[in-house]
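Results of the structural survey
So the chains spell out like this:
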Amino acid sequence: MTVTGVEGEERSEYTREESRSIRDRSLRLLGSLLRPLRGRVAYAVGVIVISTALQVAGPTLIALGIDQGLPALMKQHDGMPILLIVSAYLIAGIFGAVLISHFTVLSARISQAVLIDLRKRVFRHSQRLSLEFHESYTSGRLIARQTSDLESVRELLDEGITGLVRGILYMGFIAVALVLLDPWSALVLAFALIPLVFLTRWFQKRSQTRFRATRVFSARLIVQFVETMTGIRAVKAFRKEARNAKEFGDIVEGYRDANAQAIRLFGIFDPGLILIGNVTVAAVLLVGGFRVVSGGLEIGALLAVVLYTRRFFDPMEEMAQFYNSYQSAAAALEKISGVLEEEPGVVDPTHPVDLWQSNGAVDFTDVRFEYQPGRVILPDFGLHIPAGQTIALVGSTGAGKSTLAKLMARFYDPTAGSVTLDGIDLRSLHPKDLRRAIVMVTQEAYLFSGSVAENIALGKPDASFEEIQRAARAVGADPFIRALPDGYDTDVNKRGGRVSAGQRQLLSFARAFLADPAVLILDEATASLDIPSERLVQEGLTTLLADRTAVIIAHRLSTVAIADRVLVMEHGCIVEDGAPADLIAGTGRFAKLHAAWRESLV
Amino acid sequence: MPNTPTETPATASDAHGAGTLRTLLRLMPWVRPALSRIILGMVVALLAGLVSLAIPLILQNLVDGPLSTRDGAQIWPAAILVLVLGVLEACLIAARRFLVLTPGTQVEAAMRNSFYAKLQDLPVSFHDRWQSGQLLSRAMSDLNLVRRWLSFGVVLLIVNIVTIAVGFVVLFFWSWVLGLIFLVCSVPLWIYGYVFEQRYSLVARRSQDQQGDLATAVEESVHGIRVLKAFGRGRYSLDKFTRQAEELRGTEIEKAQAVAGIWLWLLLVPDVAFALCLLAGVWLASSGSLTVGQLFAFFATATVLRFPIESIGFLLSMTFDARTAVDRLFEVFDEPDGIQDPESPVTIADPRGRLIFADVHFRYQDSPAQYPDLLDGVDLELEPGETMALVGLTGSGKTTLTALVTRLYDVTGGAIRLDGVDIRDLTRQDLRRHIAMAFEDATLFSASVRDNVLLGRPELAGGGTEADEVLREALEIAQADFVAELPDGAETRVGEEGLSLSGGQRQRLALARAIAARPAVLVLDDPLSALDVDTEARVEAGLRRVLATTTALIVAHRPSTVTLADRVALLENGRVTAVGRHSELLASNDHYRYVISSLDDDKNEIRVNA
C-alpha cells in the first residue's frame, strides 16, 4: 500500500511503507531542487569547511599558548612562540569570521534559488493541474501548500541546513582535534555519543508524527480563514461570526495543542543534550585531571580538552533548534511533493500538432463523458459544428450543456471518443494554439488585482491601449470604465466590491473580445447583465461572431436571435437541432420554451 | 488609505521611530496572563546561566590546587561538583522550557482568535481594501513569529544579555586587564548592533509585505484558475508570479547580507579578544600576577560566554522580525471599526417589516471629491408585506443599496428605518436576524447543504423535526430538488465556495438560505440570474407564497423577476426617480422601458424569421 499524490494528506499516521514512499518522494524533490546548484553548493561547503576548521583551531592554540608559549616566556624569556601563536589565532579568527559571514550570503543565495525554483514549480504545476483536481482539492489547501508549507521549507533552508552542516562539521573537527590532542578524552567523548544517538533517535521518531499533525492543523486553519475572508458578506449577513469564532477557536486550539506537543518533545531533547554534555565535561575533567597529576597531560591541553568537550555539544543544541524546522519542513515537503506528484487529468501532448490558423470547425465523435465512473453525463454524443456557425445551446440545468462547453475548451478530456478542432484531436493540439483558438467565458467573471486595463489585457497580454479600449467599447464597457476614478487605470482591487457583477461580466467579455479566438464559448456569460447592456453585448457579438464559431449557453433566449442553429439538450443528448425559426415554428420543446420566455418578457 | 500595505513603503521608517520596545509592549494585553510564567522562566534561565558561569570557578580551584600540588585525591570532589552543577544546569533549562513554552502557544492562540474576531467585526469596506493574502500572512506567519519570539527570543535575549553582563564581571574578577581587553574588543559589536537594527528592520518589513503580496498572487491564481485556463494564461501569470518572487528573493538576500554583517562582528570579536587575552594572559602569568588556574578559568568563562554573545545577533534579528510582525498585526487591530452596535440598542419585539429609506446618501470613502454620491438622496417606502423590485442600470448602485439595509456599509447621509427604528439603533445581530439577504454571487461555506441553508437559523443547528421541516420547505421553494440527487442528500458537503455545484445550483441554495431564515424583510440581489427559464418560473411560483407575507426588496434585471413585485422602484443617477406598478411604469417612463424592456425585439424577429 502506498499513497500517491495528495491522497491521505489529512492523516498524521502512516504505515511504514507509506512513510517511506512519502519520504523518498520528498527527498527526490529536494535532490532535484539542489542538483542544478551543485557548483554553488560545493563552493559553499568548501567555504564552510575551511571556516569551521579555523574556528575549531582556537582551544588548541590556547593550549599551545599555555603549554609552550608561557614556559618559553618564563624560562627562556623568549616571546617569539607566544607571539606566533597569538598571530595564528588572530589570523584564524579573522579569516574564520570573514568566511562565515561570506557563507551566510552564499547560503542565502542558494536557499533563495531553491525556493524560487520550488515556488515556480508548485505554481506552474497547480496551474497545469486540471479543473477536476481544483474542484476536489479545496483552494485553501492549495494556497496553504504555496504559502505556509513553502514558508517551512524556507525556514529549513535559511536556518536548518546551515545549522546542520555547520554543526556536523564543527563536531567532526572537534573530534579530530580531540583525537590529536588527547585520544583518552576522545574515547570519553565517544562513550557520550551512545546516549546522544538514542536521544536523537527517540526525538526524531516522536517529532515526525507531531509535526505532521501541526501541518494538518495549519492547513485547516488556512482553509477556514480564507473562506471567512472571501465570504465576509455572507458571514455578516447571516450572523455567522460567533459560530465561525467557535469553529476557528477549535482549530486554533487544535493547532496550539499540536504545536505545544511538538515543542514539548523539544523541551526534553534540549535539556537532555545539555545533560549529556555536562556529564561528559565532568568525566573528561576527571580522567584528564588524574593524568595531569600523573604527568601524562599538560595543564593547557586539559583546558583545551575541557573547552572542546563543552563546545562539542553547542552545535548539537543549535542543530536541535533547527531540527524542528527540519521536521516541519519535511512534513511540508511531503505535502508539496504530493501536489507535484498529482498528474494533470488533462495532459499536454507529447508531440503537439501546430495549428497556426484555425477555421473553427469543431466535431464531437462518439463522445462519452463521466465525472466519476458510473456518473455518465454524456452517454454517446456526436456533433458537427461547421466553421463560422453560431450555436445556441438550450436545455434544463444538468442536461450537460456546461460539460459540453468544458470538453470543447479542453477543461476536461472525454472518457471515450474525441473532440476535434479542424480535424485535429484537442488532445494532440499544441496548448498555445488550443488556447488561442478556443476561448471560454463563464458566468464567474473573476478579476485579478491590477488595473481594469490589465484585466482586459489578460485576453492578449501584448495588446496596446487602443486595442484594449476598442474591446471595451465593442462590448459597451467603455462608459462605466471611464466613469471610474482613474478610468482604465483604476485598481479593481481597491474597488473590488464596487465593480458590480454585471460590470465584471462586461470586463470578462472585453477580455474574450480582445483574445479574438476562432471559437468562442459563452457559458451563461450574460446572466448578470441588465437588458440595455445585454443588448449592447448582443450587438457587439453580432459583428464579433460573424466569421467565427460560437457556442452560446444562455437561459435568456434572446441569444437565439443571433444564432444560426439551436441545439436543445436533455440528459446528455441532443433532442432538437435546427434553425431557430424552424424550431420556433414547430411544436417541440424549444417552441414551448421560447413561448414561455416571450411571455416572461412582459 | 494609510493602511493599504502595498503602497506604504514609508510606514516602516515612520513606525520605526515609535521604537521597537514600545511596539512590542503592545502585546501586553495577551501576554499578561502568561507573564508570570515567562518571567519565572527568565529567572530560571538566568540561574542556569549563573550555574554555567560557576563551573570555571571550580576549574580554577582544581588547577591551582590539586593539579599543581599533584594531589589526586582532591580531583574526585571537584569533578563531582562539576557534575552536580552540570546536572543542575540541565534541570534548570528543562524547567525554563516547561515554564515558557505552553504559555507561548497560548498567547499565540489567543492573539489568533482576537485577530480573527477583529477581522470578522471589521466592516466590508475594510475587506474591500485588504487582500485576504495579506491578512492570511498576518494570521499565520506573523503570529508564529510572535510566539517564537515570546517563548524563546525575548527570554534568551534578556537572559543572555544579563549572562554576558555577569560574565564580564566574572572576567574582571579573574583579571581586570583581561576583562578590559575583552570589553574594549566588544565595543564595535554594540555599535554594529545599532547599525544593524536600522538596516535590518527596514528590509524585514519589506520582506514580510512582499510575502503577503506573493500570497495574494497565489490566492488569485487558485481562485481565478478557470479564467487563466480559459485564456491559456498560465504562462503569463507564472511570469508575473516569478517577477514578484524575484523581488522577494532580492529582499531576502539583502536581509542575508545584513545578517552576514552582524555575524562577522559576532564571530570576529570573541576570537580577536581571545587571541589578545591569550597574549596578555601569558604575559601576566609569566610575570606572576596571574596563576595558571586563573588563566584557565578565564578562558573557561569566556568560552561559556561565547554562545550568548553569538546568539545575540540571531536573537536581535528575531526581535526585529517580531516587532515588524507586531506592527503588521496592529495595522489591523488599530483599524477603527466604523460600523458598531449602538450603546443602548433598541429592540423590535414583533417586526412587521416596514422599511423606509429616508434621503439616503452613500459614497465610498475613496471616491474622488468631484464625483457625486453614488446614492444621492434615495427615498423609498416598503409597506409591511410588500414586495418591491429595484431596477436600474448596471452600476447604478442597486447592490450597494441592498448592502446598506443590513449595514454591510453604513449610509453616509440620511437614514434607513425598520418599523420606525433607525437600523443603526439596533444591534447588528438583531438587524440581520430581521433582514436576510441572498447575494448574486452565492457564497457557500464548506459544510453540508443543510448547514448552509440553515445558516440563518443557528437555533436549529441541533437538527430535529422543525429543522427538517424548515430545510425541506426552503429547498422546495427554491426548487433545489437537485439536493436529493447529491451523494448524501442534504448532508453532502458542498466544497468551499460550492465549487462543485453549478452557478444556478448555488444561487438556489443561497435563495433557500435566505428563505429559511424566515426574516421580516427579505433582500434579494438578482437571485435568479443563473437559472434557466423553466426553473426560474418554478422558483417564482414558490417565491410568491413566501413574498405574500414578507416584505421584500428584490434587485431585478429581467421583466420576469419584476413581475414578482407589487411595485417597482427605478434607480437612476443615485435617486429613486419613479415608483409604481410594472405596467404603469412601462407605459409612462422612458428610462424604465429602456432599462427593463427587451421588446424592441423587432429586428431580432426579422433575423429569426429570415
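What you see is a predicted model, and the numbers here were worked out from it, not measured in a lab. (Residues numbered from 1 in each chain as written. Chains lettered and ligands numbered in written order. Predicted model: local features only at pLDDT ≥ 70, side-chain atom pairs only at ≥ 80, totals over all residues. Heavy atoms only, no water.)

Now for the overall build of chain A. Secondary structure assignment for chain A yields 19 helices and 10 strands. Its C-alpha atoms give chain A a radius of gyration of 35 Å, more than 25% over the compact-globule value 25 Å for 602 residues. Taking the principal axes of the C-alpha coordinates as reference, chain A spans close to 120 × 50 × 50 Å. Here chain A holds 602 residues, and 62% of them are scored as buried. Relative to all contacts within chain A whose residues are 6 or more apart in sequence, the contacts with residues 24 or more apart total 77%. Of the roughly 22,200 Å² of accessible surface on chain A, a fraction of 59% belongs to carbon and sulfur atoms. (Helix = DSSP H or I, 4+ residues; strand = E, 2+ residues; numbered from the N terminus. Rg over C-alpha atoms; globule rule 2.2 N^0.38 Å. Buried < 20%, exposed > 50% of the residue type's maximum accessible area, 1.4 Å probe, protein only. Contact = heavy atoms within 4.5 Å. Areas by Shrake-Rupley, 256 points an atom, 1.4 Å probe, with all protein chains shown as cover.)

Before going further, it helps to spend a moment on the packing of aromatic side chains. Any aromatic ring pair is given by two values, namely how distant the centres are and how the planes are angled relative to each other. Tallying each qualifying case throughout the model produces 29 aromatic pairs over all chains. Aromatic pair Phe-369 of chain A and Tyr-412 of chain A: ring centres 5.6 Å apart, planes at 75°, arrangement edge-to-face. Here Phe-369 of chain A is found in strand E1 (residues 362-370), whereas its partner Tyr-412 of chain A is found in the loop between helix H11 (401-408) and strand E4 (416-421), with 43 residues between them in sequence. Of the two residues examined, Phe-369 of chain A and Tyr-412 of chain A, each falls in the buried class. Ring centres 5.2 Å apart and planes at 55° place the aromatic pair Phe-173 of chain B and Trp-174 of chain B in the tilted group. By relative accessible area, which is 58% here, Phe-173 of chain B ends up exposed. Owing to a relative accessible area of 7%, Trp-174 of chain B belongs among the buried residues under this scheme. Grouping aromatic residues by their ring pairs yields a cluster made of Tyr-89 of chain A together with Phe-168, Phe-182, Phe-274, Phe-298 and Phe-299 of chain B. Cation over ring: Arg-166 of chain A sits above Trp-263 of chain B, and NZ or CZ is 5.3 Å from the ring centre. (Phe/Tyr/Trp six-rings, centres within 6.5 Å; stacked < 30°, edge-to-face > 60°. Lys NZ or Arg CZ within 6 Å of the ring centre and 35° of its normal.)

This part covers a positive patch on the surface. Residue and element names in this part refer to chain A. The grouping of Arg-16, Arg-20, Arg-23, Arg-201 and Lys-205 at the surface amounts to a positive patch. Counting residues per element, the ones that place at least two in the positive patch are helix H1 (16-34) and helix H6 (183-230). A total of 3 residues in the positive patch trace back to one element, the largest contributor, which is H1. Positionally, Arg-20 belongs in helix H1. (Patch = residues over 30% accessible without salt bridge, like charges linked within 9 Å, V, L, I, M, F, W, Y side chains within 5 Å. Salt bridge = Lys/Arg side-chain N within 4 Å of Asp/Glu carboxyl O. Lys, Arg positive; Asp, Glu negative; His and termini not counted. Charge placed at Lys NZ, Arg CZ, Asp CG, Glu CD.)

A few words on the domain arrangement of chain A. All names here are of chain A. By domain assignment, chain A separates into domain 1 (16-341) and domain 2 (362-600). Both sides of the domain 1 and domain 2 interface together cover about 380 Å² of buried area, and 49% of this is carbon and sulfur. When the buried area of domain 1 at its contact with domain 2 is split by residue, Leu-131, Glu-132 and Glu-135 rank highest and sum to 78% of it. Counting across the domain 1 and domain 2 interface gives 0 salt bridges. Our enumeration of links across domain 1 and domain 2 arrives at 0 residue pairs in polar contact (both at pLDDT 80 or more). At 3 residues, the largest contribution of residues to the side of domain 1 that touches domain 2 is made by helix H4 (residues 131-136). When grouped by side-chain class, the residues that make up the side of domain 1 that touches domain 2 number 1 nonpolar, 1 polar and 3 charged. (Domains from an automatic or database assignment. Buried area = accessible area lost by both parts, 1.4 Å probe. Polar contact = N/O pair within 3.5 Å; in protein donor to acceptor, adjacent residues only side chain to side chain. Nonpolar A, V, L, I, M, F, W, Y, C, P; charged D, E, K, R; others polar.)

This next bit is on unusual backbone geometry. Of note, His-571 of chain A is a non-glycine position whose phi angle comes to about 50°, a positive value. Considering the arrangement of structural elements, one finds His-571 of chain A in the loop between strand E9 (565-570) and strand E10 (573-578). Positive phi values are uncommon outside glycine, yet Arg-518 of chain B reaches one of about 45°. Relative to the helices and strands, Arg-518 of chain B is located in the loop between helix H16 (503-516) and strand E9 (521-525).

With that settled, the discussion passes to the interface of chain B and chain A. Residue-level contacts link 177 residues of chain B with 169 residues of chain A. Overall, the association of chain B and chain A removes approximately 15,900 Å² of surface from exposure, summing both partners, and the carbon and sulfur fraction of that is 67%. Joining chain B to chain A, the criterion identifies 4 salt bridges. Between Arg-148 of chain B and Glu-155 of chain A there is a salt bridge whose closest N-O contact spans 3.2 Å. The interface formed by chain B and chain A includes 24 residue pairs in polar contact (both at pLDDT 80 or more). Take the side of chain B that touches chain A: its biggest share by element is 32 residues, from helix H10 (residues 234-286) of chain B. Partitioning the side of chain B that touches chain A into residue classes produces 91 nonpolar, 44 polar and 42 charged.

So, on to the confidence of the model for chain B. All names here are of chain B. Summary statistics for chain B give a mean pLDDT of 83 and a share of 94% for residues scoring 70 or more. Ranking the helices and strands of chain B by mean pLDDT puts strand E1 (residues 355-362) first, with 93, and helix H21 (residues 602-609) last, with 38. Contacts of residues 1-17 to residues separated by more than four positions or lying in other chains number 28 contacts, the stretch itself having pLDDT below 50. Segment residues 601-610: pLDDT under 50, and 15 contacts once partners within four positions in sequence are set aside and those in other chains are kept. (pLDDT = per-residue confidence, 0-100.)

What follows deals with the packing of helix H2 (residues 38-75) of chain A against H10 of chain B. The interhelical angle for the contact between H2 of chain A and H10 of chain B, taken along N-to-C directions, is 15°, at an axis separation of 9 Å. Classed by the angle they form, the pair H2 of chain A and H10 of chain B counts as roughly parallel. Every pair of crossing elements has a handedness; the one defined by H2 of chain A and H10 of chain B is right-handed. Counted together, Gln-55, Leu-61, Ile-62, Gly-65, Gly-69, Leu-70, Leu-73 and Met-74 of chain A of H2 of chain A and Leu-267, Asp-271, Phe-274, Leu-278, Val-282, Trp-283, Ala-285 and Ser-286 of chain B of H10 of chain B form the full contact between these two elements. When its residues are assigned to classes, the contact of H2 of chain A with H10 of chain B shows 11 nonpolar, 4 polar and 1 charged. (Axes fitted to C-alpha atoms, helices over the stretch in contact; angles between N-to-C directions. Parallel < 35°, antiparallel > 145°, perpendicular 65-115°, else oblique. Left-handed = near helix turned anticlockwise from the far one by under 90°.)

What follows deals with the confidence of the model for chain A. With 95% of its residues at a pLDDT of 70 or more, chain A has an overall mean of 84. Predicted confidence in chain A is weakest over helix H10 (residues 314-341) of chain A, with a mean pLDDT of 77, and strongest over E4 of chain A, with 92.

Residue and element names in this part refer to chain A. Within strand E8 (residues 549-553), 5 of the 5 residues are buried, leaving the element largely enclosed by the surrounding structure. What you see with E8 is no split at all: Thr-549, Val-551 and Ile-553 on one side and Ala-550 and Ile-552 on the other are buried throughout. Relative to E8, strand E3 (residues 390-395) runs parallel, the two being bridged by 4 bridges. In the sheet register, Thr-390 faces E8, and the bridge partner there is Ala-550. In this sheet, E8 lies alongside strand E7 (residues 519-523) in parallel orientation, the contact comprising 5 bridges. Residue pairing for E8: Leu-522 is matched across the bridge by Ile-552. Handedness of the E7-helix H17 (residues 531-544)-E8 crossover: right-handed. (Pairing = 2+ DSSP bridges. Right-handed = clockwise from strand over helix to strand, strands pointing away.)

On to the sheet that holds strand E3 (residues 387-391) of chain B. All names here are of chain B. The mixed open sheet is built from 6 strands, whose spatial order is E6-E9-E10-E3-E11-E12. Unpaired on one side and paired on the other, strand E6 (435-438) and strand E12 (575-580) mark the two borders of the sheet. Put simply, the sheet's adjacent strands are angled 20° from each other on average, direction ignored. As defined by bridge partners, strand E11 (residues 567-572) adjoins E12 across 5 bridges and the pair is classed as antiparallel. Considered in E12, the bridge of Glu-572 is made with Arg-575. Contacts between helix H12 (residues 398-405) and the sheet are confined to E3, E6, E9, strand E10 (551-555) and E11, with E10 contributing the most and set at about 150° to the helix.

The next point concerns the nonpolar core. Counting residues in hydrophobic clusters, the biggest one holds 159 residues, and the most contacted among them are Phe-225 of chain A together with Phe-182 and Phe-299 of chain B. In terms of residue count, helix H11 (residues 292-333) of chain B provides more of this core than any other element does, 22 residues in total. Apart from residues lying up to four places away in sequence, Phe-299 of chain B is in contact with Ile-62, Leu-303 and Leu-307 of chain A together with Phe-274, Cys-277 and Leu-278 of chain B. (Core = buried A, V, L, I, M, F, W, Y, C linked by side-chain atoms within 4.5 Å.)

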